[in-house]
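# Structural features, examined
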Amino acid sequence: MDAMDIKILDCLKKNAREKASDISKEIHLAVSTVIERIRKMESSGLIKAYTIILDEKKMGNDLTVLMEVSLQHPNDYEPFIEMIENNPNVVSCYYMTGDFDFILKIICRSSDELEYLHKTIKGYSGVSATRTHYVLKNVKNSYCTIPSEEGR
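Procedures and definitions
- Numbers given to residues run from 1 along each chain, matching the order in which its sequence is written.
- Local features in this predicted model are restricted to residues of pLDDT 70 or higher, and side-chain atom pairs are both shown and tallied only at a pLDDT of 80 or more, whereas totals for entire chains, interfaces and linings draw on every residue.
- Each side-chain value is derived from all of the structure's non-hydrogen atoms; neither hydrogens nor water enter the calculation.
- What counts as a salt bridge is simple: a side-chain nitrogen of Lys or Arg found within 4 Å of a carboxyl oxygen of Asp or Glu.
- Where helices and strands are cited, they refer to DSSP runs of H or I of at least four residues and of E of at least two residues respectively, numbered from the N terminus.
- Buried residues are those whose accessible area, probed at 1.4 Å on protein chains only, stays under 20% of the maximum for their type, while exposed residues exceed 50% and partly exposed ones sit between those limits.
- DSSP bridges decide pairing: two strands pair if at least two such bridges lie between them.
- Between N-to-C directions, angles cover 0 to 180 degrees, with each direction set by a line fitted to C-alpha atoms, over the stretch in contact for helices.
- The contact definition used throughout considers only heavy atoms, calling two residues in contact when any of these lie within 4.5 Å.
- Pairs of N or O atoms within 3.5 Å make up the polar contacts considered here, provided that, within protein, one atom can donate a hydrogen while the other can accept it, and that residues adjacent in sequence are counted only when both atoms are side-chain atoms.
- Any angle that falls under 35 degrees is termed roughly parallel, while one over 145 is termed roughly antiparallel, one within 65 to 115 roughly perpendicular, and all others oblique.
- For any pair of crossing helices, the crossing counts as left-handed if the nearer helix is rotated counterclockwise from the farther one by less than a right angle, and right-handed if it is rotated clockwise.
- Amino acids are sorted into nonpolar (Ala, Val, Leu, Ile, Met, Phe, Trp, Tyr, Cys and Pro), charged (Asp, Glu, Lys and Arg) and polar (every other residue, Gly among them).
- Like charges within 9 Å and nonpolar side chains (Val, Leu, Ile, Met, Phe, Trp, Tyr) within 5 Å are joined into patches, using only residues over 30% in relative accessible area that form no salt bridge.
- Per-residue and other accessible areas follow the Shrake-Rupley method at a 1.4 Å probe size, with only the shown protein chains counted as cover for residues.

## Some words on the pattern of salt bridges
Once the charged atoms of two side chains with opposite charge are near each other, the side chains can pair. For the structure on display, the rule yields six salt bridges. The partner of R131 in a salt bridge is E68, and the shortest N-O contact between them spans 2.7 Å. Taken together, the residues span a long stretch of sequence, with R131 in strand β4 (residues 127–134) and E68 in strand β1 (residues 63–71) at a distance of 63 residues. For E115, the salt bridge identified is with K119, shortest N-O distance 3.3 Å. Of this pair, E115 and K119 both sit in helix α5 (residues 111–122), four residues apart, which is roughly one turn of the helix. Exposure remark for E115: the relative accessible area of 41% places this residue in the partly exposed category. Judged by relative accessible area, which is 54%, K119 ranks as exposed. A network of salt bridges, in which partner residues are shared, links D2, D5 and R37.

Quick look at the structure:
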């Protein structure tokens, strides 16, 4: 990955639907070269997917919480992960070090929906402890980092 690839990624990060011709104009590179570079980044797995970012409130989801979860035993890892992967309200799950094993980002329509989900996770076999934090405001939402000029 070189400086031109990073410029292309900067453009795609702002708008994944940006046309190669527009990117070409912005970074002063031939359209065919932009397309070729994007295809190489896709085939190498550097670009994994293109997605959309929804306004959760407009979708009717009024609550966002972060839930820390501890498991009783490492054998509980796989079944827990399977349960989390199958729950559409859990939008992110990170396995981590520290006092808790996981942190989940959960988006719900209501406190009733959150209560049901909280009971489901807390009561799941192998879960030993949880701690839930209500998100008051989303201050920053970024989905990838691209090295800065200093870091290149």
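## Structural notes on the sheet that holds strand β3 (residues 102–108)
Strand order across the open sheet formed by four strands is β2-β3-β1-β4, with antiparallel pairing between neighbours. Looking at the sheet topology across the chains shown, the edges are occupied by β2 (90–95) and β4. Sheet twist, expressed as the average angle between the axes of neighbouring strands with direction ignored, equals 20°. Looking at chain direction, β1 and β4 are connected through seven bridges and run antiparallel. Directly across from S70, in β4, lies its bridge partner A129. Of the strands in this sheet, β1, β2, β3 and β4 are in contact with helix α4 (residues 77–85), which crosses β3 at around 20°. Where α5 meets the sheet, it contacts β1, β3 and β4, and its direction lies at approximately 155° from that of β4.

## Digging into the side chain of E68
Taking the relative accessible area as the measure of exposure, E68 reaches 12% and is therefore buried. Within the local environment of E68, its side chain forms a polar contact with the side chain of R131, the two groups lying 2.7 Å apart. Of the polar contacts made by the side chain of E68, one reaches the side chain of H133; its length is 2.9 Å.

## Here's the deal with the packing of helix α1 (residues 3–14) against helix α2 (residues 20–27)
Following both chains from N to C, one finds α1 and α2 inclined at 125°, their axes separated by 10 Å at the closest point. On the basis of the axis angle, α1 is oblique to α2. α2 is crossed by α1, and the crossing has right-handed handedness. Contacts between α1 and α2 involve M4, K7, I8, C11, L12 and K14 from the former and I23, E26 and I27 from the latter. Here the contact of α1 with α2 is built from residues that sort into six nonpolar, no polar and three charged.

## Considering a nonpolar patch on the surface
A grouping of I52, L54 and M59 is seen on the molecular surface, where their side chains present a nonpolar patch of about 310 Å² in accessible area. On the secondary structure map, M59 appears in the loop between α3 (31–43) and β1. By relative accessible area, which is 42% here, M59 ends up partly exposed.

## Here's the deal with the side chain of S70
Its location among the elements puts S70 in strand β1. Judged by relative accessible area, which is 9%, S70 ranks as buried.

Any functional reading would require information that these geometric values do not contain.
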